[in-house]
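So the chains spell out like this:
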Amino acid sequence: MIQPLIFKFGGASIKDADAIKNIAHLVKNRWSNGLVIVISAAGDTTDTLEKIIQLASEGKNYTPEWTRLLGYHLEICNDLFEKQHGIFERVTNHFSILKRTLDTASFKNDAGYFYDQAVGFGELISTRIVQELLCAEGFYCLWQDARELVATDSSHKMARVDWALTMQQCRRIVIPKLEKYPVITQGFIGQDLLGNTTTLGREGSDFTAAILAVSLGAKSVTIWKDVEGILNGDPDLFPDAVKFDHLDFEEAAEMTYYGAKVIHPKTIKPLAKHRIPLFVKSFLKPDAPGTVIGPFPDDPKLPITVVKNRQLLLTLRIRDLSMVGGFHFEYLYSGMKKLKWNINLLAASASNIKVVADAVAYDENLVQKTFRDIFHVTLKKELTLITVKNYREEHYQTYVHPNRQVWLEQKSENLLQVVLEESQVP
Ligand SMILES: Nc1ncnc2c1ncn2[C@@H]1O[C@H](COP(=O)(O)OP(=O)(O)O)[C@@H](O)[C@H]1O
Ligand SMILES: N[C@@H](CC(=O)OP(=O)(O)O)C(=O)O
């Protein structure tokens, strides 16, 4: 049986016509019928769609943004295709359906549902453009709607995968196609049992690549990025960061869990479980070796730094004279669930609990209301959480410095976490 290879391309790799020509060239040089190509939306399309959805849900005029987004896609097509090519009609049709979706009043009753029905259009369109370009250049490949493959529950904006059904669908639909031609499909989107579109969470296309790899029993996954591989720190913040030639699954999974933005955090675990190697390579230097993430538990452990901005610190001080116990943690967790907050760091002492979470849009009154029966609540915003895995003493001295106010610090054998004012991060 065919053993597929999965390639994933993100927004930056298809941001304009030249970028698309570049990845088309890259793919053509690696052409094989076992290839499954997962593609995200072009450039910042998903951000723009989020703005459009927000305007539409508030009943405001979204047409200027919608028109600009249509113009952006048509301009890409102008550079790639002959005037009479069918892609122009296809793209315009997608935009008309998007408009109809945005104007369907009944969809707006449920914000998550409404979002999911509209936000995936970027992927539907970008995959058409890449597929048509490859076909026009004689590299015949098939367009596949990812919603027929990735089965999920109905938790909109962060759907959970039904692995068994996804595997069945992938094997039934994709394998016969791969016997003849490569397949191009969308990242990020899936479908629930009612046939509604769902999404896997922002930047979820890396995760789609892993889902398809596991479901199809792939030989490997290659995620093509604008960096040469995985570095031990974000290169924008740490110009001296070093690239890993290989990286253990566990190390990679943990660094994404702590917030390293290079790979979606759900991507690594399923691949590790099925021992499918993940290559992270540069679409700008495709022949460079990149990083391979795989079973390398005996590799020396290099320090890895992850910086997460826009954090808030929630301090909960117990109102009565009791000491922190199971009841308080239960209360905390149910409150966090209600607020849809994830805990990035937690510390407890006899009379208070401190929690660090992402400062996504929140209502301060609601936070107070959620906890005030049991706790005095204080919130501190504009913080940064710095995590150094496999840290050394010099890291501790850099971050925990007398000139800086440390809001929270935690140290274990191989993990250092420090919360600083955003403005004081070195
Ligand atoms: N540890 C890291 N190693 C490599 N790149 C990193 C790391 N941390 C953050 N990045 C950033 O991740 C970016 C690539 O991820 P992203 O832009 O999400 O790709 P895509 O949109 O193609 O999925 C790089 O440009 C780099 O700035
Ligand atoms: N387009 C979606 C999904 C995604 O994964 O994108 P990217 O691969 O460009 O990060 C988003 O922006 O969230």
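Values in this document were obtained by computation on a predicted structure and should not be read as measured data.

### Quick look at the overall build of the protein chain
Move 1: Per the secondary structure count, the protein chain includes 13 helices and 16 strands.
Move 2: Dimensions of the protein chain, computed from the C-alpha atoms along their principal axes, are close to 75 × 55 × 40 Å.
Move 3: When burial is assessed residue by residue, the protein chain has 52% of its 426 residues classed as buried.
Move 4: Counting contacts in the protein chain only where the partners sit at least 6 residues apart, residues at least 24 apart contribute 73% of the total.
Move 5: Carbon and sulfur atoms form 51% of the exposed surface of the protein chain, whose accessible area is close to 20000 Å².

### A closer look at the sheet that holds strand E14 (residues 375-389)
Move 1: As summarised here, the arrangement of the 6 strands in space is E12-E13-E11-E14-E16-E15, forming an open sheet in which the pairing is antiparallel. Here the strands that pair on one side only, and so sit at the sheet edges, are strand E12 (345-348) and strand E15 (406-411). Each strand axis lies, on average, 25 degrees off the axis of its neighbour in the sheet, ignoring direction.

### Considering the sheet that holds strand E4 (residues 183-186)
Move 1: Pairing is mixed across the open sheet formed by 8 strands, whose spatial order is E3-E4-E2-E1-E7-E9-E10-E8. Only two strands of the sheet have a single partner each, and these edge strands are strand E3 (142-144) and strand E8 (246-248). For this sheet the average axis-to-axis angle between neighbouring strands, irrespective of direction, equals 20 degrees.
Move 2: Pairing of E3 with E4, which is carried by 3 bridges, proceeds in the parallel orientation. Residue pairing in the sheet places Trp143 in a bridge with Ile184 of E4.

### A word on unusual backbone geometry
Move 1: In this structure, Arg275 takes a positive phi of about 50 degrees despite not being glycine.
Move 2: Mapped onto the fold, Arg275 is located in the loop between helix H10 (268-273) and strand E9 (278-282).
Move 3: With phi around 55 degrees, Arg310 is a residue other than glycine that occupies positive phi space.
Move 4: With respect to the helices and strands, the residue Arg310 is situated in strand E11 (residues 304-318).

### Let's talk about a positive patch on the surface
Move 1: A surface patch of positive charge is lined by Arg317, Arg319, Lys338, Lys369 and Arg372.
Move 2: Along the polypeptide, Arg319 turns up in the loop between E11 and helix H11 (326-339).

### Considerations on the UniProt feature "domain: Aspartate/glutamate/uridylate kinase" (unreviewed entry) in the protein chain
Move 1: Sites flagged by UniProt as "domain: Aspartate/glutamate/uridylate kinase" (unreviewed entry) map to residues 5-282.
Move 2: Each end of residues 5-282 is marked by a C-alpha atom, and these two atoms are 17 Å apart; helix forms 46% of the span and strand 13%.

### Concerning the domain arrangement of the protein chain
Move 1: Here the protein chain is partitioned into domain 1 (5-225) and domain 2 (304-424).
Move 2: Distance between the C-alpha centres of domain 1 and domain 2: 36 Å.

### Side note on H11
Move 1: The terminal C-alpha atoms of H11, which comprises 14 residues, lie 20 Å apart, in line with the 20 Å expected from a rise of 1.5 Å per residue.
Move 2: Against E11, E12, strand E13 (352-358), helix H12 (364-371) and E14 lie the buried residues of H11.
Move 3: One or two residues past the end of H11 sits Lys340, with phi positive at roughly 60 degrees.

### Focus on the packing of helix H4 (residues 87-102) against helix H6 (residues 121-136)
Move 1: Following both chains from N to C, one finds H4 and H6 inclined at 175 degrees, their axes separated by 10 Å at the closest point. As judged from the angle between their axes, H4 and H6 are roughly antiparallel. The residues of H6 that touch H4, namely those facing Ile87, Arg90, Val91, His94, Phe95, Ile97, Leu98 and Thr101, are Phe121, Leu124, Ile125, Arg128, Ile129 and Glu132.
Move 2: Taken together, the residues of the contact of H4 with H6 sort by class into 9 nonpolar, 2 polar and 3 charged.

### What to know about helix H3 (residues 63-80)
Move 1: Along its 18 residues, H3 runs 26 Å from first to last C-alpha, staying within 8% of the 26 Å computed at 1.5 Å per residue.
Move 2: Buried within H3 we find Trp66, Leu69, Leu70, His73, Ile76, Cys77 and Leu80. Viewed along the axis of H3, the buried residues span an arc of 120 degrees, placing them on a single side of the element. Seen from the open side of H3, the exposed residues pointing more than 90 degrees away from its buried face are Arg68 and Glu75.
Move 3: Contacts made by the buried residues of H3 are with helix H1 (17-28), helix H2 (45-57), H4 and H6.

### Concerning the packing of aromatic side chains
Move 1: Throughout the structure, instances matching the rule amount to 11 aromatic pairs.
Move 2: Ring geometry for Trp31 and Phe139: centres 5.1 Å apart, planes at 85 degrees, overall edge-to-face. Of this pair, Trp31 sits in the loop between H1 and strand E2 (35-39) while Phe139 sits in the loop between H6 and E3, placing them 108 residues apart in sequence.
Move 3: Classification of Phe139 as partly exposed rests on a relative accessible area of 24%.
Move 4: Ring geometry for Tyr140 versus Tyr181: centroids 4.8 Å apart, planes at 75 degrees, classification edge-to-face. Separated by 41 residues along the polypeptide, Tyr140 in the loop between H6 and E3 and Tyr181 in the loop between helix H7 (163-178) and E4 bring together distant segments of the chain.
Move 5: You can call Tyr140 partly exposed: its relative accessible area is 44%.
Move 6: Overall, Tyr181 belongs to the partly exposed group, its relative accessible area being 32%.

Criteria and cut-off values
Residue numbers run consecutively from 1 along every chain, following the written order of its sequence. Chains carry letters and ligands carry numbers; both start at the beginning, A for chains and 1 for ligands, and go up in the order they are written. Two thresholds apply to this predicted model, a pLDDT of at least 70 for residue-level local features and 80 or more for giving and counting side-chain atom pairs, whereas whole-chain, interface and lining totals are computed over all residues. Side-chain figures throughout are based on the complete set of non-hydrogen atoms in the structure, without hydrogens or water. The numbering of helices and of strands both runs from the N terminus, where a helix is a DSSP run of H or I of at least 4 residues and a strand a run of E of at least 2. Here the term buried applies to any residue with accessible area under 20% of the maximum for its type, exposed to any over 50%, and partly exposed to those in between, with areas from a 1.4 Å probe on protein chains only. In what follows, residue pairs with any heavy atoms lying within 4.5 Å of each other are defined as contacts. A 1.4 Å probe and the Shrake-Rupley method give the accessible areas. Residues count as covered only by the protein chains that appear here. Think of it this way: DSSP has to see at least two bridges between two strands before they count as a pair. Axis angles are defined between N-to-C directions and span 0 to 180 degrees, where every axis is a line fitted to C-alpha atoms and, for a helix, only to the segment in contact. Excluding any residue in a salt bridge, patches collect residues exceeding 30% relative accessible area, merging like charges within 9 Å and nonpolar Val, Leu, Ile, Met, Phe, Trp and Tyr side chains within 5 Å. Salt bridges are counted wherever a side-chain nitrogen of Lys or Arg sits within 4 Å of a carboxyl oxygen of Asp or Glu. Residues counted as positive are Lys and Arg, residues counted as negative are Asp and Glu, and His and the chain ends are not counted. Charged side chains are reduced to one point each, which is NZ for Lys, CZ for Arg, CG for Asp and CD for Glu. UniProt positions are given in the numbering used here, feature names are shortened, and annotations may be inferred rather than shown by experiment. Reported domain spans reflect what an automatic or database domain assignment gives. What a helix is expected to span follows from its residue count: subtract one and scale by 1.5 Å. Every angle not falling under 35 degrees, over 145, or within 65 to 115 is termed oblique; those three ranges are roughly parallel, roughly antiparallel and roughly perpendicular. Ten residues, namely Ala, Val, Leu, Ile, Met, Phe, Trp, Tyr, Cys and Pro, are considered nonpolar, four, namely Asp, Glu, Lys and Arg, are considered charged, and the remaining ones, Gly among them, are considered polar. Regarding the arc, it is the one traced by the directions from the helix axis to the C-beta atoms. Two rings from Phe, Tyr or Trp (for Trp, the six-membered ring) form a pair when their centres are within 6.5 Å of each other. A pair whose planes differ by under 30 degrees is stacked, one over 60 is edge-to-face, and the rest are tilted.

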